[in-house]
Amino acid sequence: AQKITQTQPGMFVQEKEAVTLDCTYDTSDPSYGLFWYKQPSSGEMIFLIYQGSYDQQNATEGRYSLNFQKARKSANLVISASQLGDSAMYFCAMREGTSGNQFYFGTGTSLTVIP
Amino acid sequence: NAGVTQTPKFRVLKTGQSMTLLCAQDMNHEYMYWYRQDPGMGLRLIHYSVGEGTTAKGEVPDGYNVSRLKKQNFLLGLESAAPSQTSVYFCASSQYRRPKDTQYFGPGTRLTVL
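For clarity, every value in this text was computed on a predicted model and none was experimentally measured.

Trainee: What exactly am I supposed to notice about the packing of aromatic side chains here?
Mentor: The geometry of two aromatic rings is summed up by the distance between their centres and the angle between their planes. By the definition in use, this model includes 16 aromatic pairs over all chains. For the pair Tyr37(A) and Phe105(A), a centre-to-centre distance of 5.9 Å together with 45 degrees between the ring planes defines the contact as tilted. Of this pair, Tyr37(A) sits in strand β5 (residues 32-39) while Phe105(A) sits in strand β11 (residues 103-105), placing them 68 residues apart in sequence. Taken as a pair, Tyr37(A) and Phe105(A) share a single burial class, namely buried. Here a set of aromatic residues connected by ring pairs shows up, and it is made of Phe35(A), Tyr37(A), Phe47(A), Tyr50(A), Phe103(A), Phe105(A), Tyr33(B), Tyr35(B), Phe90(B) and Phe105(B). When the ring centre of Tyr104(A) is taken as reference, the NZ or CZ atom of Lys3(A) above it lies at 5.3 Å. The residue whose ring lies beneath Arg63(A) is Tyr64(A), and the NZ or CZ to ring-centre distance is 5.8 Å.

Here you go:
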């Protein structure tokens, strides 16, 4: 079974609007971390936001927030007030507590911000 | 503080040739990783290291070897390159392996095998 599933290969959003990128995960480990990375066309992987499995509140980092629904095993990324520079691939990833050596990545969502 | 660097940035090989990719980090991180990224498949772990002198297999290790002789360097070797190894290769490092420890990535190496 896939550890991380991103079901939206591509998304479009109007500039200044908010957009939600979906991510579901699969683990039986009670301790885990969820991450979102941005990959612009230049290719580098940029860390955006982190959510821990025991965190009581949803993580926020500037215009990025993570909608964490533990019972549904979802960790959706919300980008508010989209900017043209947000156009990129976005990857959801998970690290488990017991076997923390490996990050599991989703297949990514390509976001295009329309002026 | 350069973070994670990778050498080279681009490389073209012929089938059967060998090469080594170098990853270096200056953050004194214990853990280092090699991933490959293919279209539509996200990043997949090739090999990783939990400290100097140690290496272990990841999800897709076949056709690759690694070495970590120094804490700051992690080498990925292709002994006999195949077209299926055409990919973008990323190195990453992290200080610890707790759930909250993010990985820091290098800029990537684009490898084409003809």
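Trainee: Looking at this structure, I do not really get the layout of surface pockets. What am I missing?
Mentor: Over the atoms a probe the size of a water molecule is rolled, and this reveals where empty space is left. As a volume, the largest pocket reaches approximately 460 Å³. Along the wall of the largest pocket there are 25 residues; nearest its centre are Gln39(A), Gly43(A), Gln37(B), Val88(B) and Arg110(B). Broken down by secondary-structure element, the contributors of at least two residues to the lining of the largest pocket are β10 (88-96) of chain A together with β9 (87-94) and β11 (109-113) of chain B. Looking at which element gives the most residues to the lining of the largest pocket, the answer is β11(B), with 4 residues. Its residues assigned to classes, the lining of the largest pocket shows 9 nonpolar, 12 polar and 4 charged. Counted as a void, the second largest pocket has a volume near 240 Å³. Around the second largest pocket, the lining comprises 14 residues; the ones closest to its centre are Gln2(A), Phe105(A), Met41(B), Arg44(B) and Glu59(B). Here the lining of the second largest pocket is built from residues that sort into 7 nonpolar, 4 polar and 3 charged.

Conventions and cut-offs
Residues numbered from 1 in each chain as written. Chains lettered and ligands numbered in written order. Predicted model: local features only at pLDDT ≥ 70, side-chain atom pairs only at ≥ 80, totals over all residues. Heavy atoms only, no water. Phe/Tyr/Trp six-rings, centres within 6.5 Å; stacked < 30°, edge-to-face > 60°. Helix = DSSP H or I, 4+ residues; strand = E, 2+ residues; numbered from the N terminus. Buried < 20%, exposed > 50% of the residue type's maximum accessible area, 1.4 Å probe, protein only. Lys NZ or Arg CZ within 6 Å of the ring centre and 35° of its normal. 1 Å grid on protein atoms, 1.4 Å probe; cavity = no way out; pocket = protein on both sides within 12 Å on 5 of 7 lines; lining within 4 Å. Points joined across faces, edges and corners; volume = space filled by probe spheres on them. Nonpolar A, V, L, I, M, F, W, Y, C, P; charged D, E, K, R; others polar.

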